[in-house]
Amino acid sequence: MFEKLKEKLGLKKKTSIEESSFEDSLTTGLGKPIGDLDEFTDDLKISLLEADVSLATAEKLSDNLKGKLKGKRIKFGEDRDKVLKEAVKSTITDMLKIKIPNLYSMASSKSPFIILLVGMNGTGKTTTAAKLAYEFKKRDHYVVIAAADTFRAGAIDQIFIHGEKLGVKVVKHQAGSDPASVAFDAVSHASKYPRSVVIIDTAGRMQTNKNLLEEMKKIKRVSKPDFTILTVDALSGNDALNQAKMFDEAVGIDAIVVTKIDADTKGGSILSLIYELKKPVIFVGNGQTYEDLMEFDPNWYIKNIID
Ligand SMILES: Nc1nc2c(ncn2[C@@H]2O[C@H](COP(=O)(O)OP(=O)(O)OP(=O)(O)O)[C@@H](O)[C@H]2O)c(=O)[nH]1
Ligand SMILES: [Mg+2]
């Protein structure tokens, strides 16, 4: 996973250091200066950009790294490459610091708990809706899926089939009908049951399609979700950040699910999403089966891109 970024940030290449006598460090105990970092950070920035990290995030990472290493000396017995690698790791760790909400415990404290899924075409909304339904059912919730993608031909059938496989209720209207009213009906139905969770699957939005965006705002107004999730496809690379900004401005999002990380992705967009948008990545989709929804763990991510 994230092989490209790992390979880049593995920092395998030996970095140069001005040779100075170790006698100094032995007598003073202060070690050698870490040396000029420009070449290292320039290479790092290029690696980050190649791995789908945005320019702004790559530059910030590089600045933060320089700040962290300012005045740092390499002590006798210490390896400069290792010091640099640990510094990159801890810089990324700091940039990923954001509170990740616990959706499962949130859903246990309100019924019905309403989740709205939004995102561009094909990013994995319907699959993620089914995966979430599976997880909530496993946790003894009464799950209702709202088939609120009334726009794309076949979308209602697609989610209905998932509902049958999972044994969860799917509220649907006819194709072409008002998606907000589907969502409303699903919430009304769920209100009759304790520990209920409503998952609203919506139609894919093109960034440019104003009508569909307006429709999504209406779904949100009518269904009053407790939690709005954006799905982005890890394969969309740097565009994921643009999509997330656009959706956040248009409807407001609480968290992001990055899908298809099992495909040959570079993974860098996760860092820019969290750092620039200041929105948590809550889950990652790592396959097409219902079990393939992983809670996002920053430590796991860092391990996968560096170690
Ligand atoms: N490998 C992999 N494929 C995924 C993942 N999530 C979704 N997919 C696949 O991506 C394709 C699109 O997924 P959908 O869930 O239909 O996407 P959508 O956002 O609902 O698409 P629209 O309704 O057309 O906007 C399907 O073939 C899914 O099986 C994932 O985590 N990994
Ligand atoms: Mg869909």
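Up top you'll find the structure we're talking about.
A brief look at the structure comes next. (Residues numbered from 1 in each chain as written. Chains lettered and ligands numbered in written order. Predicted model: local features only at pLDDT ≥ 70, side-chain atom pairs only at ≥ 80, totals over all residues. Heavy atoms only, no water.)

Details of the sheet that holds strand β9 (residues 281–285)
(1) Moving on: Across the sheet, which stays open at both edges, the 8 strands sit in the order β5-β4-β6-β3-β7-β8-β9-β10 with mixed pairing between neighbours. Each edge of the open sheet is held by one strand with a lone partner, namely β5 (169–171) and β10 (293–295). Between one strand and the next, the sheet's axes are offset by a mean angle of 25°, whatever the strand orientation.
(2) Moving on: Two strands pair when backbone bridges link them, and strand β3 (residues 113–119) and strand β6 (residues 196–202) are joined in this way by 5 bridges, in the parallel orientation. Paired with Phe113 across the two strands is Val197, which belongs to β6.
(3) Moving on: Helix-sheet contacts for helix α11 (residues 239–250) involve β3, β7 (227–233) and β8 (255–259), and the interaxial angle to β7 is about 155°. (Pairing = 2+ DSSP bridges. Helix = DSSP H or I, 4+ residues; strand = E, 2+ residues; numbered from the N terminus. Axes fitted to C-alpha atoms, helices over the stretch in contact; angles between N-to-C directions. Contact = heavy atoms within 4.5 Å.)

Quick word on the pairing of β9
(1) Moving on: A large share of β9 lies buried, amounting to 5 of its 5 residues.
(2) Moving on: Between β8 and its parallel partner β9, the chain crosses via helix α12 (residues 268–277), and the hand of that crossover is right-handed.
(3) Moving on: Examined bridge by bridge, β9 and β10 share 3 bridges and lie antiparallel to one another. Pairing of Val284 across the sheet is with Met294, part of β10. (Buried < 20%, exposed > 50% of the residue type's maximum accessible area, 1.4 Å probe, protein only. Right-handed = clockwise from strand over helix to strand, strands pointing away.)

Topic: the pattern of salt bridges
(1) Moving on: Under the criterion given, the structure shown has 11 salt bridges.
(2) Moving on: Between Asp38 and Lys66 there is a salt bridge whose closest N-O contact spans 3.0 Å. With Asp38 in helix α3 (residues 38–50) and Lys66 in helix α4 (residues 55–69), the pair connects residues that are 28 residues apart, well separated along the chain.
(3) Moving on: Notably, a salt bridge pairs Lys138 with Glu135, separated by 3.3 Å at the nearest N-O pair. Of this pair, Lys138 and Glu135 both sit in helix α7 (residues 125–138), 3 residues apart, roughly one helical turn.
(4) Moving on: Where salt bridges share partners, they join Lys68, Asp94 and Lys97 into one cluster. (Salt bridge = Lys/Arg side-chain N within 4 Å of Asp/Glu carboxyl O.)

Purely geometric numbers; function is a separate question.
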